[in-house]
Amino acid sequence: MMKINVKAYAKINLSIDIVSRMDDGYHNMRMIMQSVALHDAIAVAVKKGDGISVRTDLRYLPCDDRNIAARAASVYYAHTGITGYHTSINIEKQIPVCAGLGGGSTDGAAVLRALNELHATGLRLETLQKLAEEIGSDVPFCVAGGTALAEGRGEVLTDLPPLCDCHIVICKPAFAISTPELFSKINVDKIRLRPNTDSIIEALGDRNVGKIARRMYNVFEDVLPKGTSAIDEIKQCLLDNASLGAVMTGTGSAVFGLFDDEDAARAAYDELNQTYKECYLTEPVGKLEV
């Protein structure tokens, strides 16, 4: 048996914009994505046999081919033509689900990296990212992570200067938001406010976390359904505790704030943790070597 343990890092969106609607019905995105230290722990083992099995420590998560980790393994084996192995994947979840933090996507990306190493196939990053496109929109970014501009459906990636050292507080309220519902509410021609993506990219180059935080924006916040007022409440708590900026990540429902002061970040975390169960104090993570 061969076995490897890998970390599957969560992602946040420093900005999300929708540029247009494409002919295939999907939306043409323009967003800045950032890996953070919050992660799931993935153990992948292969032995002689056949089939793919998945286990998680959350009973309500599917363990068949509906699980992105299982789909990633299937895509990898279909591409490489490797047969005669049973692959078992064990996932210990730390990233909250249905939060906009890429929890499923990053698990799938981690499985691609793990199998590439276990089988010594030597697939290059570009090849792994191409395989990731078959699995999900955020998976190509999650293969190596870091800081990147993601365009198209998320598969067109441009490396950006890394987010400078800072402290990040993430808080997820006790509800999920339907991604299809938010996309259905977006009218690209009527988007009133957009992130200043180019200015954020410039600020990344300047290593100016305050300038980055002040320009963060997520167009999905303009079409949130009723019953999501906790998102604004979390944002306000972060700002009241000296966050340099706060925004919802992905299609929610998690919210994060950037801090340049660790004590202030800890104070925000402590206050939010009194009301919300899923709170995290974390930091940026750079691009992985693949």
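Residues numbered from 1 in each chain as written. Predicted model: local features only at pLDDT ≥ 70, side-chain atom pairs only at ≥ 80, totals over all residues. Heavy atoms only, no water.

Undergrad: Can you help me understand the overall build of the protein chain in this one?
TA: Tallying secondary structure elements over the protein chain gives nine helices and 11 strands in all. Relative to its length of 290 residues, the protein chain is compact, with a C-alpha radius of gyration of 19 Å against a globular reference of 19 Å. Based on the C-alpha atoms only, the size of the protein chain along its principal axes is roughly 55 × 45 × 40 Å. Looking at the 290 residues of the protein chain, the share that counts as buried comes to 54%. Considering only residue pairs separated by 6 or more positions, the protein chain has 75% of its internal contacts joining residues 24 or more positions apart. On the protein chain, roughly 13,300 Å² of surface is accessible, and the fraction owed to carbon and sulfur atoms is 45%. On the protein chain, the mean spot of the 30 positive side-chain charges and the mean spot of the 38 negative ones are 4 Å from each other. (Helix = DSSP H or I, 4+ residues; strand = E, 2+ residues; numbered from the N terminus. Rg over C-alpha atoms; globule rule 2.2 N^0.38 Å. Buried < 20%, exposed > 50% of the residue type's maximum accessible area, 1.4 Å probe, protein only. Contact = heavy atoms within 4.5 Å. Areas by Shrake-Rupley, 256 points an atom, 1.4 Å probe, with all protein chains shown as cover. Lys, Arg positive; Asp, Glu negative; His and termini not counted. Charge placed at Lys NZ, Arg CZ, Asp CG, Glu CD.)

Undergrad: Teacher, can you tell me more about the packing of helix α1 (residues 68-80) against helix α2 (residues 103-118) here?
TA: The angle between the axes and the distance between the axes are what describe a pair of packed helices. The interhelical angle for the contact between α1 and α2, taken along N-to-C directions, is 35 degrees, at an axis separation of 8 Å. Seen along the crossing, α1 lies across α2 with a hand that is right-handed. Note on element contacts: α2 touches α1 through G104, S105, D107, G108, V111, L112, L115 and N116, opposite I68, A69, A72, A73, Y76 and Y77. For the contact of α1 with α2, the class distribution of residues is nine nonpolar, four polar and one charged. (Axes fitted to C-alpha atoms, helices over the stretch in contact; angles between N-to-C directions. Left-handed = near helix turned anticlockwise from the far one by under 90°. Nonpolar A, V, L, I, M, F, W, Y, C, P; charged D, E, K, R; others polar.)

Undergrad: Teacher, can you tell me more about the pairing of strand β5 (residues 147-152) here?
TA: Along any regular strand the residues' side chains alternate between the sheet's two faces. For β5, a buried count of five out of six residues is recorded, marking the element as mostly surrounded by other parts of the structure. As judged from the six bridges shared by strand β2 (residues 27-48) and β5, these two strands associate in the antiparallel manner. Of the residues in β5, the one forming a bridge with R30 is E151. By the bridge criterion, four bridges tie β5 to strand β6 (residues 156-159) in an arrangement that is antiparallel. Bridge pairing in β6 links A150 to L157. (Pairing = 2+ DSSP bridges.)

Undergrad: Looking at this structure, how should I read unusual backbone geometry?
TA: Most of the time, phi is negative for any residue but glycine, and the peptide bond is trans. With an omega dihedral of 10 degrees, the bond running from G252 to S253 counts as a cis peptide bond. Turning to its location among the elements, S253 is positioned in the loop between β9 (245-248) and β10 (255-259). The phi torsion at C98 lies on the positive side, around 55 degrees, for a residue other than glycine. Residue position: C98 is located in the loop between β4 (85-92) and α2. Judged by relative accessible area, which is 53%, C98 ranks as exposed. Positive phi, normally seen in glycine, also occurs at R207, with a value near 55 degrees. As for its position among the elements, R207 is in the loop between α6 (197-206) and α7 (209-215).

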